[in-house]
Amino acid sequence: MDWNDLRYFLAVARLHSLTEASRELRVSQATIARRIAALEHTIGRGLFTKRHDGYSLTTAGEALFEPAEQAEAHLLWLERGAAFPAESLAGIVRLAVPELLGQHFIIPSLATFSERHPSIRLEVIADVRPMRLSRREADVLVRLVHPTQGDYLVRRVGRIALALYGSPAYLAAHGSPAVPSDLLTHRMIGWEAELGFLPFSRWLLDALPETNVVFRAHTMSAQLAAVEANLGLAVLPAFVAKKFGLVRVLKEEAPFSSDIWMLQAPGSSSFARVRVLADHVAEALQQSSAEFMDLG
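Residues numbered from 1 in each chain as written. Predicted model: local features only at pLDDT ≥ 70, side-chain atom pairs only at ≥ 80, totals over all residues. Heavy atoms only, no water.

Undergrad: So what's going on with the overall build of the protein chain? Residues and values would help.
TA: From N to C terminus, the protein chain includes 11 helices and 11 strands. Per-residue burial for the protein chain yields a buried fraction of 48% across its 296 residues. Considering only contacts in the protein chain between residues 6 or more positions apart, those separated by 24 or more positions represent 76%. (Helix = DSSP H or I, 4+ residues; strand = E, 2+ residues; numbered from the N terminus. Buried < 20%, exposed > 50% of the residue type's maximum accessible area, 1.4 Å probe, protein only. Contact = heavy atoms within 4.5 Å.)

Right under this line is the structure:
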């Protein structure tokens with residue numbers, strides 16, 4: 001089986017489009033179609049069904065997807081490790097972190113790491129959306145949800161609380177809600193519909209009544225800025241909200257809390273540069289877990 005065939009297969013499976021796959025891989029659509037046909041001939045089964053909205057995986061395609069991603073991950077590890085010996089404390093390490101936790105804690109904590117390991121170059125992705133180790137999006141990943149699938153090295157590195165906060169000016173003008181039903185008279189800041197799967201987004205929807213959402217955003221930073229601008233109330237990490245002088249509401253309601261998990265790709269522990277970064281971040285988070293759970 002040709003690795004390039006799997007590469008074309010993964011691109012179409014992820015993008016659901018020959019056109020988009022050809023742009024990403026910088027080859028013609030005809031080349032991609034030909035190589036996927038060759039892969040289907042090798043396997044003896046069709047991998048895609050063409051629909052009006054793009055290409056979807058068949059049962060055989062779904063069965064091939066995860067093994068193909070694992071093969072991709074291992075090959076990429078080999079490519080990235082070729083320039084530096086495995087035990088070298090030099091080279092690039094990619095770290096993916098939850099947005100505000102990354103911006104307001106993890107990234108500042110990396111100053112001492114960089115002083116200690118000046119030859120390690122860091123690439124940091126701070127995003128609320130989950131990354132995938134198998135797609136080379138990160139070497140080390142910090143997230144608030146325990147993975148339910150995938151071949152990862154996983155460890156618990158802390159715990160964090162999120163709650164509903166408003167600015168002092170907003171609360172002075174509109175009052176401070178004490179129970180969920182009070183939110184019906186307040187302006188709420190929420191997530192775009194496509195991010196409704198996020199645990200803290202579901203927590204707000206499940207725990208509270210239908211509310212008046214006047215501002216939606218796809219980043220937590222934008223929501224923080226909206227709260228600071230007195231636009232309404234939003235769910236934010238407690239330690240960040242306190243840092244900006246925001247005030248918790250619904251104090252009798254249980255906050256959303258989550259374990260903090262660190263994930264590493266299989267084989268990553270064989271690279272010293274990845275090991276030392278993972279250990280540094282894990283230690284920093286573990287030492288600050290009490291701070292992250294303090295609601296103020």
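Undergrad: Explain the packing of helix 2 (residues 18-25) against helix 3 (residues 29-43) to me, using residue names and the numbers behind them.
TA: Between helix 2 and helix 3, whose axes approach to 8 Å, the crossing angle comes to 105 degrees. One finds that helix 2 runs roughly perpendicular with respect to helix 3. Contacts between helix 2 and helix 3 pair L18, T19, A21, S22 and L25 from the former with Q29, I32 and A33 from the latter. For the contact of helix 2 with helix 3, the class distribution of residues is 5 nonpolar, 3 polar and no charged. (Axes fitted to C-alpha atoms, helices over the stretch in contact; angles between N-to-C directions. Parallel < 35°, antiparallel > 145°, perpendicular 65-115°, else oblique. Nonpolar A, V, L, I, M, F, W, Y, C, P; charged D, E, K, R; others polar.)

Undergrad: Explain the packing of helix 1 (residues 3-15) against helix 3 to me, using residue names and the numbers behind them.
TA: At their nearest, the axes of helix 1 and helix 3 sit 9 Å apart, and the two run at 110 degrees to each other. When the axis of helix 1 is compared with that of helix 3, the two are roughly perpendicular. Crossing of helix 1 against helix 3: the hand is left-handed. Note on element contacts: helix 3 touches helix 1 through T31, I32, R35, I36, A38 and L39, opposite D5, L6, Y8, F9 and V12. (Left-handed = near helix turned anticlockwise from the far one by under 90°.)

Undergrad: Residues and numbers for the pattern of salt bridges, please.
TA: By the definition in use, this model includes 8 salt bridges. Residue E69 pairs with R14 through a salt bridge whose shortest N-O separation is 3.1 Å. Of this pair, E69 sits in helix 4 (residues 59-81) while R14 sits in helix 1, and the two are 55 residues apart along the sequence. Taken as a pair, E69 and R14 share a single burial class, namely buried. Between D294 and K242 there is a salt bridge; the shortest N-O distance is 3.2 Å. Here D294, found in the segment after helix 11 (289-293), pairs with K242, found in helix 9 (residues 238-243); they are 52 residues apart in sequence, far enough to count as distant. Judged by relative accessible area, D294 falls into the partly exposed class, the value being 40%. (Salt bridge = Lys/Arg side-chain N within 4 Å of Asp/Glu carboxyl O.)

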